[in-house]
Amino acid sequence: MPTPTLSPSMLTSGNSPATGAWDHGPPMATRMTSARFVGRSGQLAELEAALRDAAERRPSLALIAGESGVGKSRLVQELLDRARGDGALVLAGDCVDLGEGELPYAPLIGALRGLQRDGHPAFDALPVPLRGALGAILPGLEQDAAGPDASQASVFEALLALLEELGDERSVLLAIEDLHWADSSTRGFLSFLSRSLCDERLMLVATYRSDELHRRHPLRPLLGELARDPASRLLDLPPFTREELAEQLEGILAGTPEPALVERVWARSEGNALFAEEILAAGLDGRGRLPPTLRDALMLRVEQLSPAAREVLRWLACQTTIDHELLAEVSGLEDGELLDALREAVAAHILVASADGGYAFRHALLREVVHDDLLPGERTELHSVLARALEKRIADGAIGAHITAQAAHHWMAAGYQSAALGAAVRAAGAAERVDAYAEAHALLERALGLWQHVDNPEALIGTTRAELLLRAADAADASGDGARFEALLRSALDLLDPEREPRRVATVLLRLHYIQWELNRQDESIETIDRALALLEPFEPTSELAALLGAKARARMLQARYREAIEAGREALEVSRSVGDAAAEAQALGAMGVALATARRVDDGIAALREAHALARESGLVNYMERSSVNLADILHLAGRSDEALEIAREGLEEARELERRFTWLALLVAELEFDAGDWRAAVAAMPSERRGYWGTTLLNFRVRRIEQALGRGDDAQARVELDAAARAALDSTEPQFLAPLGAHRAELERRAGNAAAARAAIDEALDRIEFCSEDVARIAQVAAAGVRVEADEAERARDRRDEAGEGAARERAAAMADRVQMAAYDGGPVVEAQLALAQAELARAEGRREPALWETAAAAWEDLGRPYPAAYARWREAETLAAARDRDGAARAADAALEAARRLGSGWLVAEVEGLASRARLRVEGALPAEQAADEDPFGLTAREREVLALVAAGATNREIGERLHMAEKTASVHVSRILAKLDVRSRTEAAAVAHRHGLAGAALT
Ligand SMILES: Nc1ncnc2c1ncn2[C@@H]1O[C@H](COP(=O)(O)OP(=O)(O)OP(=O)(O)O)[C@@H](O)[C@H]1O
Ligand SMILES: [Mg+2]
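Residues numbered from 1 in each chain as written. Chains lettered and ligands numbered in written order. Predicted model: local features only at pLDDT ≥ 70, side-chain atom pairs only at ≥ 80, totals over all residues. Heavy atoms only, no water.

Visitor: Tell me what's going on with the overall build of the chain, and back it up with residues and numbers.
Guide: When helices and strands are counted, the chain shows 49 helices and seven strands. Per-residue burial over the chain gives 54% buried out of 1007 residues. Contacts in the chain between residues at least 24 apart in sequence constitute 66% of all its contacts with a sequence separation of at least 6. Carbon and sulfur atoms form 49% of the exposed surface of the chain, whose accessible area is close to 43200 Å². (Helix = DSSP H or I, 4+ residues; strand = E, 2+ residues; numbered from the N terminus. Buried < 20%, exposed > 50% of the residue type's maximum accessible area, 1.4 Å probe, protein only. Contact = heavy atoms within 4.5 Å. Areas by Shrake-Rupley, 256 points an atom, 1.4 Å probe, with all protein chains shown as cover.)

So, in structure tokens, the structure goes:
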């Protein structure tokens, strides 16, 4: 190994002139790192474009990938500097390497800590519960309501709300470094963030090492997801070219490097910026025996330090986030000695002092090299000393999730299995308290792994193995790992004795039943519930038994085995009443109610659901309140009793408001009901705020409503965007309630665009998927009816082309689809019957039969149901058929009705179709809106936008809320409001609201 010729002090960034310490006299290295930023112009341009997007409220996402030392962090630094220069707020946090990512939210906490310390007003602007949720992860933030326990969803929401709040003032650039080490809560948040962003002024930039990502690395799925986000940019950072390397060397040496030097460093470093720096810093100017690897080059520099400085490095290698106090305690160095050592390591550019008084390695790779270089015994010693020091802090009252997780990490790294077991369980507890279930799960799995290697583990942690298994199962469940959840439940069952603890075992079996159901293993799932029932049935009724029976009722109902469902529901009801368990009773009533109604015993079902709702309200079971309102309204709507449905749903929302809760599903249902009832403005106003982060089935539901509204208006482009997004989210769905509308809407969109093949494919796929998993006749009818319409178009087109084969195929498919609707209508209720009337009329159209009476029947059926949109469609077709039959008066009458309804709805595409027909067929149509409405339409000369704003003002919305709802800046909202006040000639919002109400301009209230 060559002898270093440069002392560390000569490597400081001062500008001391060369002193001839070099044998061969090249320019002396005056600094470690090039002050000049080299190359990367393409990447910077890309990043700055993303920043501009963010400033214009198009949130953006940039991922920078590259090998270690290539220059990711430096590039980010450059971007942050520029962003700061532009006045953006910069938040930066690093992920830390702790083996399995046990520090929940580490980089986000890092990014926000500075703001928190400075008491940024954005924290105060958050609603109390959100502030409480943030307090759970940012210790020290005043915790008002929520306390230290907060669900992951509320932490996510709180973080999003904070970023939103911060972005109100100026653009926010959030930088997260080294994503390959991210904890799973952080990964979860980033995925949530990419799904929830809509018009925040936010840019996220993240780096990761491409060479760290093995095939099953947990970051891969997230990267895949982020990469699919249209707002994301992916940057691959290559090593420097030879020219760039020369420029870097020039920057470091403060002089032009000799071509031979460039050549030598290039040959060894291959353009890796860090490697090049280290080769120079090791005093090697690239001559002589070069360190063969980057690691060797790094180690060489560490070896040049004094023993005290190396001692400090050893501690820092084991614990990345270390403060001065802890360092002094564990290293045993005297204060002066310690400071000297730190100074030396900083001067040598191996450590950097961080803003909060701690120290860290200048480069993560340096830390890894030092850690890898420790002897096994040494490593054990360091980790166990650190573990004890942290334990002492915990004993003194520091109980943050971070400290406990770190202690567990050290015990494990030190190989102290019993201490590790205790620490892991305690750290899991801390993680559970902030709902970081994936971390808790990992820690508990580790504790389970340590169990056999420890003497008397039960005494040590004070629980049985079965308890620990169940706790791990809970964490697995909560973090969405269904397969592992099931396996852990099974292991726990193996240890529990059904003779001794039948109720306990039955409860575990119930959970097993639910997860097996979700994993689509229905038969097994029913077996499980029967096993549980057999355990409890010989005994006195209990709430466990009631819950089992309720679950069985639900299962049978979902399988469309109504008789059994109702039977089990009855039994559940009896048991839950006898033991006085209101929750079980509400569940039983709910399951029974839905079963009865789907079995066409609508009134009995409605009665049961009403009872469930009353019971839930009396007993304060808020979730059952929303669920029963939704079910009840749904059933009424399907039974053609839409007015009642709307009433129930509105009452439910009123309840939600009183309880200060958000009933998102109910709000979406109101949007659906209003849409069907023909008040599309109210439907839009009923939509819950888009700024909230929805996921899973709620997100699908939200999208379905938006698609329906866009298609209704005729905003096909918007519908396509939403449909594409929904299709991605519905990939694995087995729920007809989403598959059916998505399939039918896709078919309608493609039909309008003239893409018959795509429309047919959508129909076939939806039918396939629905019929595979259910017997939901109403939904099958919805899709099949959309299919007949597609075929009717296709058949007409084929006839125009004189393409007989094409026509024949379309007619055949049309008949098959109509048959399906017919089968569904046999037992499907009034809505499906109306569906059938439409399908039969479409079939006639497909077959080239002119039968206006069929269209008239269909229109009347929908009018009877109070659903003007499909009725208007049918009137249009009726007019078309009558015109073809030369009944011009009849045609004009039907067209007039269609046009009037389409205008009233605001269905642009249908208005255009009817007007087109009228002009082709020279029909005289007015399609006028009734006088009072036409006058109402614009009494003050308000624009459509202003009317929307006014409706919200009338509902008491603030400018901020208006901005949120209508996707405009708060300022824009305030401009609209002042203009409205001027047009209405009033002075206050209250007066404006009064005028709006008086003139029927108030629209629907905020939900
Ligand atoms: N464009 C550049 N101009 C000048 N110096 C650079 C440039 N890119 C990187 N460097 C220097 O090279 C060294 C390594 O770069 P950096 O720390 O950014 O690598 P990295 O890709 O973040 O590595 P890791 O994955 O290990 O974190 C740093 O000292 C940095 O200052
Ligand atoms: Mg880096």
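Don't stop here, the text continues.
Visitor: Describe the site of ligand 1, with residues and values.
Guide: Neighbouring ligand 1 are 21 residues; G69, K72, S73, R74 and H363 lie closest to it. Calculation on ligand 1 without its partners gives an accessible area of 630 Å², and the protein chains cover 95% of this total. (Near = heavy atom within 4 Å.)

Visitor: I'd like to hear about helix α5 (residues 128-137), residue by residue, with values.
Guide: Counting buried positions along α5 yields eight of ten residues, so the element is predominantly enclosed. Among the residues of α5, those classed as buried are L130, R131, G132, A133, L134, G135, A136 and I137.

Visitor: Can you tell me about the packing of aromatic side chains, naming the residues and giving the values?
Guide: Tallying each qualifying case throughout the model produces eleven aromatic pairs. Ring geometry for Y873 and W876: centres 5.4 Å apart, planes at 80°, overall edge-to-face. One end of the pair is Y873 and the other is W876, both in helix α42 (residues 868-884) and three residues apart, which spans about a single turn. Summarising the burial analysis for this pair, Y873 and W876 share the class buried. Three or more aromatic residues link up through ring pairs in this structure, and these residues are W855, Y873, W876 and W909. (Phe/Tyr/Trp six-rings, centres within 6.5 Å; stacked < 30°, edge-to-face > 60°.)

Visitor: Tell me about the pairing of strand β4 (residues 202-209), and please be specific about residues and values.
Guide: Counting buried positions along β4 yields eight of eight residues, so the element is predominantly enclosed. Side chains of β4 alternate between two faces, with L202, L204, A206 and Y208 and M203, V205, T207 and R209 buried alike. Of the strand pairs in this sheet, strand β1 (residues 60-66) and β4 are connected by seven bridges, and their pairing is parallel. Looking across to β4, one finds that A62 is bridged to V205. Inspection of the sheet shows strand β3 (residues 172-177) paired to β4 by five bridges, in the parallel sense. What sits directly across from L174, in β4, is L204. A crossover links β3 with its parallel partner β4, the connecting element being helix α7 (residues 184-196), and its sense is right-handed. (Pairing = 2+ DSSP bridges. Right-handed = clockwise from strand over helix to strand, strands pointing away.)

Visitor: Could you give me a rundown of the nonpolar core, with the residues and numbers involved?
Guide: Core analysis: the largest hydrophobic core is formed by 155 residues, its most contacted members being L91, I137, L159, L174, I176, L179 and F189. Leaving out residues up to four positions away in the same chain, L179 has contacts with L63, C95, L190, A206, T207, Y208 and L219. The next biggest cluster of nonpolar side chains, apart from the first, holds 55 residues, and it includes C318, A348, L351 and L382. (Core = buried A, V, L, I, M, F, W, Y, C linked by side-chain atoms within 4.5 Å.)

Visitor: I'd like a rundown of the pattern of salt bridges, residues and numbers included.
Guide: A side chain of one charge can pair with a side chain of the opposite charge if their charged atoms are brought near each other. All chains considered together, the criterion is met by 75 salt bridges. Residue D603 pairs with R641 through a salt bridge whose shortest N-O separation is 3.0 Å. Highlighted residues: D603 in helix α29 (residues 602-618) and R641 in the loop between α30 (622-638) and α31 (642-658), separated in sequence by 38 residues. D603 gets classed as exposed once you look at its relative accessible area, which sits at 52%. Residue R641 is classed as partly exposed on the basis of its relative accessible area, which comes to 28%. With a closest N to O distance of 2.8 Å, E807 and R799 form a salt bridge. Accessibility expressed as a relative area gives 13% for E807, which makes it buried. Assessed through its relative accessible area of 27%, R799 is described here as partly exposed. One salt-bridge network, held together by shared partners, links D716, E748, R751, R752, R789, D793, E796, E842, R845, R877 and E880. (Salt bridge = Lys/Arg side-chain N within 4 Å of Asp/Glu carboxyl O.)

Visitor: Residues and numbers for the sheet that holds β3, please.
Guide: Pairing in this open sheet of five strands is parallel, and the strands run β2-β3-β4-β1-β5 from one edge to the other. Each edge of the open sheet carries a strand with a single partner, namely β2 (89-94) and β5 (232-236). Going across the sheet, the axis of each strand differs from the next one's by a mean of 15°, ignoring polarity. Bridge analysis of β2 against β3 gives six bridges, and the strand direction is parallel. Along β3, the bridge assignment pairs G93 with I176. Strands in contact with helix α2 (residues 72-85) are β1, β2, β3 and β4; relative to β4, the strand with the most contacts, it is inclined by about 165°. (Axes fitted to C-alpha atoms, helices over the stretch in contact; angles between N-to-C directions.)

Visitor: Outline the environment of L326, listing residues and values.
Guide: With respect to the secondary-structure elements, L326 resides in helix α14 (residues 324-331). Setting aside its immediate chain neighbours within four residues, L326 contacts Q319, L386, A389, L390 and R393.

Visitor: Requested: an account of the environment of D435, with residues and values cited.
Guide: Take D435: it is sitting in the loop between α19 (417-433) and α20 (437-451). As for D435 and A475, which are separated by 40 residues in sequence, their C-alpha atoms are 8.9 Å apart.

Visitor: Outline the packing of helix α28 (residues 582-598) against α29, supporting the account with residue identities and numerical values.
Guide: Following both chains from N to C, one finds α28 and α29 inclined at 160°, their axes separated by 7 Å at the closest point. Judged by the inter-axis angle, α28 sits roughly antiparallel to α29. Two packed elements cross with a definite hand, and for α28 against α29 that hand is left-handed. Counted together, A582, E585, A586, L589, G590, G593, V594, L596 and A597 of α28 and V602, D604, G605, A608, L609, E611, A612 and L615 of α29 form the full contact between these two elements. (Parallel < 35°, antiparallel > 145°, perpendicular 65-115°, else oblique. Left-handed = near helix turned anticlockwise from the far one by under 90°.)

Visitor: Go over the packing of helix α35 (residues 716-729) against helix α36 (residues 736-753), please, and point to the residues and values.
Guide: α36 packs onto α35 with a crossing angle of 140° between their chain directions and a minimal axis gap of 11 Å. At the point where α35 passes α36, the crossing takes the left-handed sense. Contacts from D716, A719, R720, L723, D724, A726 and A727 in α35 reach L742, H745, R746, L749, E750, R752 and A753 in α36. Among the residues making up the contact of α35 with α36, the classes are represented as seven nonpolar, one polar and six charged. (Nonpolar A, V, L, I, M, F, W, Y, C, P; charged D, E, K, R; others polar.)

Visitor: How would you summarise unusual backbone geometry if you had to cite specific residues and measurements?
Guide: Positive phi, normally seen in glycine, also occurs at R40, with a value near 65°. Of note, R40 is situated in the segment before α1 (41-55). A positive phi angle is found at N456, which is not glycine, with a value near 50°. Among the secondary structure elements, N456 is positioned in the loop between α20 and α21 (457-461).

Visitor: Requested: an account of the pairing of β3, with residues and values cited.
Guide: It is a general feature of regular strands that their side chains alternate between the two faces of the sheet. Counting buried positions along β3 gives six out of six residues, so the element sits mostly inside the fold. Residues V172, L174 and I176 of β3 are buried on one face, and the alternating residues L173, A175 and E177, pointing to the opposite face, are buried as well.

Visitor: Before we move on, can you summarise the confidence of the model for the chain with the specific residues and values?
Guide: For the chain, per-residue confidence averages 84 on the pLDDT scale, and residues scoring 70 or more make up 90% of the total. This stretch, residues 1-30, has a pLDDT under 50; its non-local contacts, to residues over four places away or in other chains, come to 53 contacts. (pLDDT = per-residue confidence, 0-100.)

Visitor: Got a sec to walk through the side chain of D676? Specific residues and values, please.
Guide: Looking at the element boundaries, D676 is found in helix α32 (residues 664-677). Among residues more than four places away in sequence, those in contact with D676 are H637, G866, R867 and P868.

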